[in-house]
Amino acid sequence: MIDVLRATSSIVAALAAGASFVKPASSIEQALSMKSQNIVVAGERNSVKPPGFDLGNSPAEFAEQNLKGKGVVLTTTNGTAAIEKLNCQTLLAASFLNLTATLEYLKKCDHIHVVCAGSNGKFSLEDFLLAGYIASLDPDPKDAAAVAKRYAQSVSDILNEIKKSFHACHLKKLGFERDIAFSAQKDIYNFVAVLKNGVFVKINI
Ligand code: MLT
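The model shown is predicted, which means the values in this text are computed figures rather than measured ones.

A. Molecular detail of the overall build of the chain. When helices and strands are counted, the chain shows 10 helices and 6 strands. Relative to the 2.2 N^0.38 estimate, which gives 17 Å for 205 residues, the radius of gyration of the chain is 16 Å and therefore close to what a compact globule would have. With respect to the three principal axes, the spread of C-alpha positions in the chain is 50 × 35 × 30 Å. Per-residue burial for the chain yields a buried fraction of 50% across its 205 residues. Sequence-distant contacts, at least 24 apart, represent 69% of the contacts inside the chain between residues at least 6 apart. With the model as given, the accessible surface of the chain reaches about 9900 Å², and the carbon-plus-sulfur share is 51%. Considering the chain, the positive charge centre built from 22 side chains and the negative charge centre built from 19 side chains are found 3 Å apart.

Encoded structure:
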């Protein structure tokens, strides 16, 4: 599952900051109902932190926290909504931040489905770019996977590329430019974010 800007990057950054888990929630109400001393409620609507939330959906902000001993409940417009619709044996939250670890994990899997969250039902360039790196695991990809692989191979500067996306421009206008730069970093973490019993946990590679 991919939502580079910003849900899956946030999930990975929260786990890196020490969160014991990240639970996707479907609504603001559901997320707030879980708030407690050891549960941080985070997320966005229209990219902005809803009232009463502890944190927004900012990977850069997550990375600055000390979340040791805490769980995070995250609700976002596209990313966590897409995660809830998926039904598969193993679900990973993929990001550039932990790309190599994610690819190493996926190499051991027989069948891989790559799901891009996109933005309100529309194609997202940054998600397709990351999908291309994953498609590169296939020596003979077909159709969309073949195009994604060629696209990823043609891009030398991830940040420069994803800055051109519609959602990056939207985030920049809202003052979240640092999340674009943060999410474009490749391999700053060496673990995978795997969904187990309804929550994402960190598995070291
Ligand atoms: C989403 O899940 O819709 C996004 O991550 C939106 C955002 O916070 O930029």
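From this point, the discussion proceeds with the structure in view.
B. Summary view of the site of the ligand. Near the ligand lie 13 residues; those nearest to it are Arg6, Thr76, Asn78, Gly79 and His167. Between the ligand and the protein, one listed contact pairs an oxygen atom with a side-chain N or O atom of arginine 6 at 2.8 Å. Here an oxygen atom of the ligand sits 2.7 Å away from a polar atom, N or O, in the main chain of asparagine 78. Relative to its unbound accessible surface of 270 Å², the ligand loses 99% to contact with the protein. Looking at the shell around the ligand, its residues break down into 3 nonpolar, 7 polar and 3 charged.

C. Layout of unusual backbone geometry. The omega angle of the peptide bond from leucine 5 to arginine 6 is 5°, so this bond is cis rather than trans. Unusually for a residue other than glycine, asparagine 120 sits at a positive phi of about 50°. As for its position among the elements, asparagine 120 is in the loop between helix H5 (99-107) and helix H6 (125-135). Classification of asparagine 120 as exposed rests on a relative accessible area of 60%.

D. Examining the pattern of salt bridges more closely. Tallying each qualifying case throughout the model produces 6 salt bridges. Its salt-bridge partner being aspartate 140, residue lysine 142 comes within 2.8 Å of it at the nearest N-O pair.

E. Main features of H5. Residues Leu99, Ala101, Thr102, Leu103 and Leu106 constitute the buried set of H5. Next to the buried residues of H5 lie strand S4 (92-93), H6 and strand S5 (191-196).

F. Quick look at the environment of aspartate 54. Assignment of secondary structure puts aspartate 54 in the loop between strand S2 (39-43) and helix H3 (59-64). In this structure, the C-alpha to C-alpha distance between aspartate 54 and arginine 150, residues 96 residues apart in sequence, is 40 Å. There is a polar contact of 3.4 Å between the side chain of aspartate 54 and the side chain of lysine 35.

G. Region of the structure containing the pairing of strand S1 (residues 21-24). A one-sided burial pattern is seen for S1, the buried positions being Val22 and Pro24 and the unburied ones Phe21 and Lys23. Sheet topology places S1 next to strand S3 (residues 71-75); 4 bridges connect them, and they run parallel. When the sheet's bridge partners are listed, phenylalanine 21 is paired in S3 with glycine 71.

Rules of the game
- Residues numbered from 1 in each chain as written.
- Predicted model: local features only at pLDDT ≥ 70, side-chain atom pairs only at ≥ 80, totals over all residues.
- Heavy atoms only, no water.
- Helix = DSSP H or I, 4+ residues; strand = E, 2+ residues; numbered from the N terminus.
- Rg over C-alpha atoms; globule rule 2.2 N^0.38 Å.
- Buried < 20%, exposed > 50% of the residue type's maximum accessible area, 1.4 Å probe, protein only.
- Contact = heavy atoms within 4.5 Å.
- Areas by Shrake-Rupley, 256 points an atom, 1.4 Å probe, with all protein chains shown as cover.
- Lys, Arg positive; Asp, Glu negative; His and termini not counted.
- Charge placed at Lys NZ, Arg CZ, Asp CG, Glu CD.
- Near = heavy atom within 4 Å.
- Polar contact = N/O pair within 3.5 Å; in protein donor to acceptor, adjacent residues only side chain to side chain.
- Nonpolar A, V, L, I, M, F, W, Y, C, P; charged D, E, K, R; others polar.
- Salt bridge = Lys/Arg side-chain N within 4 Å of Asp/Glu carboxyl O.
- Pairing = 2+ DSSP bridges.

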